[in-house]
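Observations on the model geometry
If you want the building blocks of each chain, they are given just below.
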Amino acid sequence: MPKAEELHRKELTIADADAIRREAASLAGVSPIHRLISATLRYEDKQTDTPVLIGATPYYEFVHSQYVDHGRWISDGDMEARSNICIPGVDVAHALFPYEDPLDKDIKINGNTYRVVGLMEPLGNFFGQSRDNTVFIPITTYDKYYPDLPSPESAFFIIARPISRAYVKSAMDEVTEILRRQRRVRPGDTDNFAVTSQDSLLDIYNQLTGATALVLTAVSFVALMIGGIGVMNIMLVSVTERTREIGIRKAVGATRGNILSQFLVEAVCLTAIGGVAGLIVGEVASLLVNKYSPLPAFVPLWAIAIGLGISAAVGIIFGLWPAWKAARLDPIEALRYE
Amino acid sequence: MSDATLATPTGASALEHGEVLVRDAVPAALISMRDIWKTYQMGSEEVHALHGVSFDVQKGEYVAIIGPSGSGKSTLMNLIGCLDTPSKGEYWINGKNVSEMDDDELARIRNKEVGFVFQTFNLLARATALHNVELPLIYAGMSSTERHEKAKQSLAAVELTDRMMHKPNELSGGQRQRVAIARALVNHPSILLADEPTGALDTHTSYEIMNLFEKLHSEGNTIIVVTHEPDIAARAYRVISIRDGMIEKDERLR
Ligand SMILES: Nc1ncnc2c1ncn2[C@@H]1O[C@H](COP(=O)(O)OP(=O)(O)O)[C@@H](O)[C@H]1O
Ligand SMILES: [Mg+2]
């Protein structure tokens, strides 16, 4: 849930972006964007209503490292003239122009006519979501048509690129200071805006996956304990049922070591079979998750090695006591066992 | 250990030498038991299954041990076969003092020196005749090809080549006992021990098994058979009678 302050925040403006561009020394580029969650696009009889509409500036390409594939990007002239030009992503291009070259065609975006002047390079997927289902127009043109759309339907961001990774921290400090001044935040008051870096997004992602991994590790540890005790039980029953066999083996010359290793090998086989079954289930699950959910999943080689290793170790640890019991049996007592 | 020439050949004279010399000397006999006791604690009561038994068995002998049920025959056989350890006394096999051995050394004696045949066969139910016979060779650390070869030879010696791949429940009682004898002989032990080997067999099959023992003896094997059937004992060359855990009589028939 957003806090009350967040809901009533004063919007960022292009003027804020200009101030940042002028003053922040640690930044190489600043790209304000306006984003409309979805727009309806039409070309002749074809239509798509899922693409994200982005109002961008000439700086966008450099700041985001996303470039036009062919044709051209938004120019200063387009900004000035608020011209009706657009640059679709490849998904949009495929949807509207399955057989033709989209360049220089006129399409309708939410009923207004735009000329296609360029095509965005393909960007691929992130978390299962296509990043190519977009269409770009000049941010000034965006403001012409959607001046007062409330958030979250329309949102405004300022994306900035530091000179290098080493400048992330100082860039964030500078941006914070500039914005506080622009937005007249009194000293001592909390920020009425948020500055985040890709690194902090990455941190959140890592924390989430790290916590999940920790919980899963704890769950598998408990499962291994339960499984191990099960193995120990099976082995104890097996030792009892085979007391006579153990007596026979000892009578013909088996040492304690022979009997111990026989039962340990059996316990390890038991758990290794379990380990292999677990690997198969894990591999299938990861394939399914990969196919049907946005999360990327695969089973790395080290996980296979650790999985099999731990299965075998469980066999040894929990098989040790039953095997030792078997090894210590007195031959004559064991032979007499009914 | 001292030289074998110091050893005293018979039990009677060995005792006359006194404790110290007996301990130091290595008996020349294949089996040498000196004042062996086996005592079981039954609650507060002590049951003496063996009361100071002493005797020697020479290489190549064919000995029958007879006596009524509960007289201690099986207890004695288990001690000779190193399946059990005496409560008191000295036991030498093939010049080695068994009374001082640890678990692994005893396992080696059971594997190399002794072939044991039981009344109830004691074969691995889920294994083939061949695998049962191979078992002692596995624990002797022999390679699988050599093992196969020797096990097959041993099964041929008891005329079971054609039943090699059968499991015990697919064999008759006499055939099972022959598999057990093949297993006992496969590692060429110093001595073959059989505790009532015909106890679970009919008369006809019993005679077959006893004929096999006679053949094995004539080939040079040392044999001790426990029985309570006089006609089976009569086929041995020496009969030791046991009563209440003591040797009552030790007579040579031929
Ligand atoms: N494990 C044991 N615990 C207590 N007493 C035993 C045990 N084994 C044998 N005995 C006793 O020792 C005596 C000799 O038994 P055993 O050697 O089996 O006789 P046999 O084979 O001549 O019939 C018997 O009185 C028997 O009850
Ligand atoms: Mg008996």
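In this text the structure is predicted, and so the values were computed from the model without any measurement.

1. Brief notes about the pattern of salt bridges
All names here are of chain A. This model, assessed by the stated rule, comprises 27 salt bridges over all chains. Among the ionic pairs, Arg242 bridges to Glu266, the shortest N-O distance being 2.8 Å. Note that Arg242 is positioned in the loop between helix 8 (198-241) and helix 9 (243-251) and Glu266 in helix 10 (residues 256-292), a separation of 24 residues in sequence. On the basis of relative accessible area, Arg242 is assigned to the buried category, the value being 13%. Residue Glu266 is classed as partly exposed on the basis of its relative accessible area, which comes to 25%. With its nearest N and O atoms 2.8 Å apart, the salt bridge here joins Glu245 to Arg249. Highlighted residues: Glu245 and Arg249, both in helix 9, separated by 4 residues, approximately one helical turn. We note that Glu245, like Arg249, is buried.

2. Concerning the sheet that holds strand 4 (residues 52-56) of chain A
All names here are of chain A. Ordered by their spatial adjacency, 9 strands build an open sheet running 3-2-7-8-6-12-4-1-13, and the pairing between neighbours is mixed. Sheet topology places strand 3 (46-48) and strand 13 (154-162) at the edges, where each strand pairs with a single neighbour. The sheet shows a mean angle of 30° between the axes of neighbouring strands, taken without regard to direction. Strands in contact with helix 2 (residues 14-23) are strand 1 (27-36) and strand 13; relative to strand 1, the strand with the most contacts, it is inclined by about 170°.

3. Comments concerning the interface of chain A and chain B
Counting residues at the interface gives 18 residues for chain A and 19 residues for chain B. For the pairing of chain A and chain B, the buried interface totals around 1700 Å² over both sides, and the portion due to carbon and sulfur atoms is 56%. It is A:Ile248, A:Val252 and A:Ile332 in chain A that bury the most area against chain B; as a group they hold 32% of the surface buried on that side. Linking chain A with chain B are 2 salt bridges, by the criterion used here. For the salt bridge of B:Arg126 with A:Glu245, the shortest nitrogen-to-oxygen distance reads 3.4 Å. For the pair chain A and chain B, the number of links is 7 residue pairs in polar contact (both at pLDDT 80 or more). Elements that contribute at least two residues to the side of chain A that touches chain B include exactly helix 9, helix 10 and helix 12 (331-336) of chain A. Element by element, the count of residues in the side of chain A that touches chain B is highest for helix 9 of chain A, at 6 residues.

4. Regarding helix 8 of chain A
All names here are of chain A. Look at helix 8: 63 Å from first C-alpha to last across 44 residues, which is about the 64 Å you get at 1.5 Å a residue. If you check which residues of helix 8 are buried, you get Gly228, Val231, Met235, Leu236, Ser238 and Val239. Residues of helix 8 that are buried make contact with helix 9, helix 10 and helix 11 (301-328).

5. Some thoughts on the packing of aromatic side chains
Counted by the stated rule, this structure contains 9 aromatic pairs over all chains. Taken together, the aromatic side chains of A:Tyr114, A:Tyr142, A:Tyr145 and A:Tyr146 make up a single cluster linked through ring pairs. The ring of A:Phe62 carries the charged tip of A:Arg161 above its face, separated from the ring centre by 4.5 Å. Positioned above the aromatic ring of B:Tyr237, the side-chain terminus of B:Arg254 is 4.5 Å from the ring centre.

About the criteria used
For every chain, the first residue of the written sequence is number 1, and numbering continues from 1 along that sequence. Here chains are named by letter from A upward and ligands by number from 1 upward, in the order in which they appear as written. Where totals are concerned, whole chains, interfaces and linings use all residues; where local detail is concerned, this predicted model gives features only for residues with pLDDT of at least 70, and gives and counts side-chain atom pairs only at 80 or more. The side-chain quantities take in all heavy atoms of the structure and omit both hydrogens and water. Take a side-chain nitrogen of Lys or Arg and a carboxyl oxygen of Asp or Glu: if they are within 4 Å of each other, that pair is a salt bridge. Only runs of H or I of at least four residues qualify as helices and only runs of E of at least two qualify as strands under DSSP, and these elements are numbered from the N terminus. Partly exposed describes any residue whose relative accessible area lies between the buried limit of under 20% and the exposed limit of over 50%, with all areas from a 1.4 Å probe on protein chains only and scaled to the type maximum. Strand pairing is assigned whenever DSSP detects at least two bridges linking the two strands. In this description, a line fitted to the C-alpha atoms serves as the axis of each element, helices being fitted only across the stretch in contact, and the angle between N-to-C directions of two axes falls anywhere from 0 to 180 degrees. Here, two residues are considered to be in contact whenever any of their heavy atoms come within 4.5 Å of each other. Joining two parts hides part of their accessible area as seen by a 1.4 Å probe, and the buried area is that hidden amount summed over both. Any pair of N or O atoms that falls within 3.5 Å is considered a polar contact. Within protein, one atom must be able to donate a hydrogen and the other to accept it, and sequence-neighbouring residues count only if both atoms are side-chain atoms. To estimate how far a helix should reach, multiply one less than its number of residues by 1.5 Å. Note on aromatic pairs: the rings of Phe, Tyr and Trp (six-membered ring only in Trp) are paired at centre separations within 6.5 Å, and the planes decide the class, stacked below 30 degrees, edge-to-face beyond 60, tilted for the rest. Here, a charge over a ring is recorded when the distance from Lys NZ or Arg CZ to the ring centre is within 6 Å and its angle to the ring normal is within 35 degrees.

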